[in-house]
Structure formats: structure tokens, C-alpha cells
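Coordinates in review
Spelled out, the chains give:
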Amino acid sequence: MHTSTERAPGPQRIPYAWQAATLALTALAPAAWGTTYVVTTELLPPGHPLFAGMLRALPGGLLALAITRVPPRGDWWWKATVLGALNIGALYPLLFVTAERLPGGVAATLGAAQPLMVAGLAVALLHDRPTVWRLLWGVAGVVGVGLVVLGPQARLDAVGVAAGLAGTAGMAAGIVLTKRWGLPAGVGPLTLTGWQLTAGGALLLPLALAIEGAPPRTDAGAVGGYLWLGSAGGLIASALWFRGIGKLPVGASAPLVLLSPLVATVIGIALGESLNLPQTLGFALALTALLAAQLNVPSAPASKERMRDDPSREGRDR
């Protein structure tokens, strides 16, 4: 008689190579968002942040819905509305207000505080206790970005600072809630992106008409700016971002927002700006913090959807 002892398999862990590839794709989103400041100041008509936010969100959201053809179901109607309000409806216009009232680098610095906000919210909503390593490097990232852009010539407008911090806090809450709620069965990142962009854009449309009135006059440069922000900086970046949030540990995805101010700084250098020694050291510190935050982060458990889609893994398990 042949007997065998079977051990219950533990949760499957995602290979580090796959996690690194996911990190690289997710990082493209904050890198694209780092172009928002120069596009806003150089191409878009001033004084219309609600219109700019709506145009960045609603067309891309409707396009995503037309592609996926999957409407929300059940409680995902209100969940998608909440996420759309936080990640899109509040963030986009506040981001444009910040970009108009603050220098690009200073505006981007406010977003560098997001990893610390995410860590605090994750304790309350996800019961995820951040390690000392993550907290120290989160602070180091803020300090590094601050050294780059907060020099003696920096202009600090109170309304711009308040808008930047409010938008950062709203997106931090959206990241944690997205991680907490996950994705409903049969729904992919593009569908979730379409729900949120549509919900956020629909919230902004009546506000833009009521507060800002008729749309502003646009020239060819403004049209190009809106197209860039709505495609690469809107639909594509958001889809990559929400995909990454769903698949990566929260401690790995949150620090990636440091790329936004770093990209804004690189663009400034390309346009003729220069870095002094403290700024150079700050740039190096921020980049080190971004990379170090990816260490000591456990690989995420493999999702059931990915296990089903990987027959070779399924065969090995059997």
C-alpha cells in the first residue's frame, strides 16, 4: 500500500524578476507626471485648472470604457466614484493650481511627502506597519528633493502649497484604498482606470462650467499639451499606475512618486537650469532613497488570476 503525505502549499510568492519588471512599468507613470509642470506653464492657458483636469480625465476615461465595455457592478459604483474623486477629481485640478502658482520643482517637492502619508494611512486601513528602513528612506527622499528645489530663489505661494499638499494627501488615500479594495473578479487595470477617469472627469465637468465658464482659447501648443496630458500623462500613466498598485506591496509602489520631482528637475536642467553642490547632493540623495526603498520589501503574493493564467506554474504546483 502506497501512502503519501501531502503538505498544504503556502501562498505563492511572485518572483523578484517579475516584481522588478512590474516596478519598471509602474515607474513610467510618475515619470510621465513629472512633465505636468513644464507642460502647464509653457503650453496651457492659465487660470483654468478645472477645465484642464476635466480634459485630462474624461476623454481618456470614456475611451477606456469603450474599449473594455465593462461597467461597475454592485458596490463598485460608489467605490469607483470615491477613487475617481480622490485620484482624479481632486488631484488633477489641484495639481494644475500648484503648477501655476509654484515653480515646477517646488510644486513637485510637495508630492515627495506622499510615501510618508501612504505609510501612515496603511497602518490604519491595511494594518501594514512600515519598517524603520522605509520610514527613514521616506524622510531622506523628502529631504533630498527639498535640497534640489527649495533654494533661496524658491517662491512659496500659500495657496499653491496648500493645493499641492491637499492633492498629495488625496492621492495617498486613493493608493491605500485601491490596495484595500483590490479588483473585482474579471476586471483588469484598464477597466478600473476607465471607471476612475470617467468618474473624476464627470465630477469636474459641471464645476468647470460653473466656476470657470466657457473653455479658454487654445492654440496649437495648448492642444498638444492637452493631448499629451490626457494620453501619456492620463490614460496610459494611470493604467500602469493602478496595475502596479494592485500587484506590488504598498511599500514598493509609494516611493516611486519621487520620480515625478526628479523628472521635473531633469527637464529644468535640459531647459538651461543648473544645479549647485547642495542641489546635486540632494538629487543623489533622492535617487538613493528611491532605490533603497525597494530593498527590504517582501515580494507580493501571486494573485489567483495570475496563477490561473500561468499553466506552467500550475503544472509545477501539481
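Refer to the structure presented above.
Residues numbered from 1 in each chain as written. Predicted model: local features only at pLDDT ≥ 70, side-chain atom pairs only at ≥ 80, totals over all residues. Heavy atoms only, no water.

Overview of the pattern of salt bridges
Across all of its chains, the model carries 1 salt bridge by this definition. In this structure, the salt-bridge partner of Lys 79 is Asp 75, at a minimum N-O distance of 3.5 Å. For Lys 79, a relative accessible area of 12% translates into the label buried. Judged by its relative accessible area of 38%, Asp 75 is partly exposed. (Salt bridge = Lys/Arg side-chain N within 4 Å of Asp/Glu carboxyl O. Buried < 20%, exposed > 50% of the residue type's maximum accessible area, 1.4 Å probe, protein only.)

Brief notes about the packing of aromatic side chains
Describing an aromatic ring pair means giving the distance of the ring centres and the angle of the ring planes. Taken as a whole and assessed by the stated rule, the structure comprises 5 aromatic pairs. For the ring pair Trp 33 and Trp 241, a centre distance of 5.4 Å and an interplane angle of 65 degrees mean the geometry is edge-to-face. Of this pair, Trp 33 sits in helix α1 (residues 16-33) while Trp 241 sits in helix α10 (residues 220-247), and the two are 208 residues apart along the sequence. Residue classification places Trp 241 among the buried positions, given a relative accessible area of 2%. With 5.9 Å between their ring centres and 85 degrees between their planes, Phe 51 and Tyr 226 make a pair best called edge-to-face. In this pair, Phe 51 sits in helix α3 (residues 49-68) while Tyr 226 sits in helix α10, placing the two residues 175 residues apart along the sequence. Each member of the pair, Phe 51 as well as Tyr 226, carries the same accessibility label: buried. Aromatic rings pair up to connect Trp 76, Trp 78, Trp 181 and Trp 195 into one cluster. Sitting over the ring of Tyr 92, Arg 56 keeps its end group 4.6 Å from the ring centre. (Phe/Tyr/Trp six-rings, centres within 6.5 Å; stacked < 30°, edge-to-face > 60°. Helix = DSSP H or I, 4+ residues; strand = E, 2+ residues; numbered from the N terminus. Lys NZ or Arg CZ within 6 Å of the ring centre and 35° of its normal.)

Remarks on a nonpolar patch on the surface
Judged by side-chain polarity, Leu 116, Leu 135, Val 139, Val 143 and Leu 147 come together as a nonpolar surface patch covering roughly 360 Å² of accessible area. Broken down by element, the nonpolar patch gets its largest block of residues, 4 residues, from helix α7 (residues 132-149). With respect to the secondary-structure elements, Leu 147 resides in helix α7. Residue classification places Leu 147 among the partly exposed positions, given a relative accessible area of 39%. (Patch = residues over 30% accessible without salt bridge, like charges linked within 9 Å, V, L, I, M, F, W, Y side chains within 5 Å. Areas by Shrake-Rupley, 256 points an atom, 1.4 Å probe, with all protein chains shown as cover.)

With respect to helix α6 (residues 114-125)
Between its first and last C-alpha, α6 extends 16 Å over 12 residues, near the 16 Å set by a 1.5 Å rise per residue. Within α6 the residues assigned to the buried category are Gln 114, Pro 115, Val 118, Ala 119 and Ala 122. Angularly, the buried residues of α6 cover 140 degrees about the axis, an arc narrow enough to put them on a single face. (Expected span 1.5 Å × (residues − 1). Arc of directions from axis to C-beta.)

Here we look at the environment of Leu 197
Examined against the element boundaries, Leu 197 turns out to sit in helix α9 (residues 189-212). Residue class for Leu 197 comes out buried when judged on its relative accessible area of 0%. When residues no more than four places from it in sequence are discounted, the contact partners of Leu 197 are Ala 57, Leu 58, Gly 60, Gly 61, Ile 88, Tyr 92, Leu 235 and Ser 238. (Contact = heavy atoms within 4.5 Å.)

Some thoughts on the side chain of Thr 178
The topology assignment puts Thr 178 in helix α8 (residues 158-181). Judged by relative accessible area, which is 4%, Thr 178 ranks as buried. In terms of polar contacts, Thr 178 uses its side chain to reach the backbone carbonyl oxygen of Gly 174, at 2.7 Å. With near-sequence residues (within four places) excluded, Thr 178 lies in contact with Leu 83, Asn 87, Leu 192 and Ile 245. (Polar contact = N/O pair within 3.5 Å; in protein donor to acceptor, adjacent residues only side chain to side chain.)

A word on the environment of Val 39
Assignment of secondary structure puts Val 39 in helix α2 (residues 36-42). Residues Val 39 and Tyr 226, 187 residues apart in the sequence, show an inter-C-alpha distance of 8.7 Å.

What to know about the environment of Ala 66
Along the chain, Ala 66 turns up in helix α3. By relative accessible area, Ala 66 is classed as partly exposed at 47%. For the pair Ala 66 and Gly 194, spaced 128 residues apart in sequence, the C-alpha separation works out to 8.9 Å.

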